[in-house]
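Now for the letters of each chain:
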Amino acid sequence: MENAIIAQNIKRYFKAGDGTTVHALDGVSMEIKKGTLAILKGRSGSGDYVKIRLS
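What follows is about the overall build of the protein. Across its full length, the protein carries 1 helix and 2 strands. Secondary structure elements of the protein, listed N to C terminal, follow the sequence β-β-α. Once local pairs closer than 6 in sequence are excluded, the contacts in the protein between residues at least 24 apart make up 38%. Element-wise, carbon and sulfur atoms account for 52% of the exposed surface of the protein, whose accessible area totals about 4600 Å².

Next up on the list: the pairing of strand β2 (residues 21-33). Two faces belong to every sheet, and in a regular strand the side chains alternate between them. By the bridge criterion, 10 bridges tie strand β1 (residues 3-15) to β2 in an arrangement that is antiparallel. Each bridged residue has a counterpart across the sheet, and for N3 the counterpart in β2 is K33. The turn joining β1 and β2, which pair antiparallel and follow one another in sequence, is formed by 5 residues; a positive phi near 90 degrees is taken by G19.

For N9, which is not glycine, the phi dihedral falls at a positive 55 degrees. By the element assignment, N9 lies in strand β1. N9 sits in the partly exposed class, given a relative accessible area of 47%.

By secondary structure assignment, the location of V28 is in strand β2. For the pair V28 and K11, spaced 17 residues apart in sequence, the C-alpha separation works out to 6.8 Å. Residue contacts for V28: discarding those within four places in its chain leaves A7, Q8, N9 and I10.

Let us look at the environment of M1. Along the chain, M1 turns up in the segment before β1. Exposure remark for M1: the relative accessible area of 73% places this residue in the exposed category. Along the chain, M1 and G35 lie 34 residues apart, while their C-alpha atoms are 8.6 Å from each other. Other than its neighbours up to four places away in sequence, M1 contacts K33, K34 and T36.

Reading the values: the criteria
In every chain, residue numbers begin from 1 and rise along the written sequence. Residue-level local features of this predicted model are given only where pLDDT is at least 70; pairs of side-chain atoms are given and counted only at 80 or more, and the full residue set underlies all totals for whole chains, interfaces and linings. Side-chain metrics rest on all non-hydrogen atoms present in the structure, leaving aside hydrogens and water. Secondary structure elements follow DSSP: runs of H or I no shorter than four residues count as helices, runs of E no shorter than two count as strands, and numbering proceeds from the N terminus. Residues count as neighbours in contact if any of their non-hydrogen atoms are within 4.5 Å of one another. The accessible surface values rely on the Shrake-Rupley method and a 1.4 Å probe; as for residues, cover is taken only from the protein chains in view. Strand pairing follows a simple DSSP-based rule, namely that at least 2 bridges must link the two strands. Think of it in three bands: with a 1.4 Å probe and only protein chains considered, a residue is buried below 20% of the maximum accessible area for its type, exposed above 50%, and partly exposed in between.

This is the structure:
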């Protein structure tokens with residue numbers, strides 16, 4: 001089956017209010033095949049919202 005989305009080595013860091021660096025995404029890779037349903041899920045603060053905003 002053909003890939004619809006390929007993401008490789010995605011990184012997203014940001015500074016927290018206290019100045020520490022938060023590694024929301026650190027080397028995330030994925031392939032989503034055409035015609036499949038993919039769900040990104042995580043607890044509050046785990047970076048799932050960042051993943052969606054990057055797509």
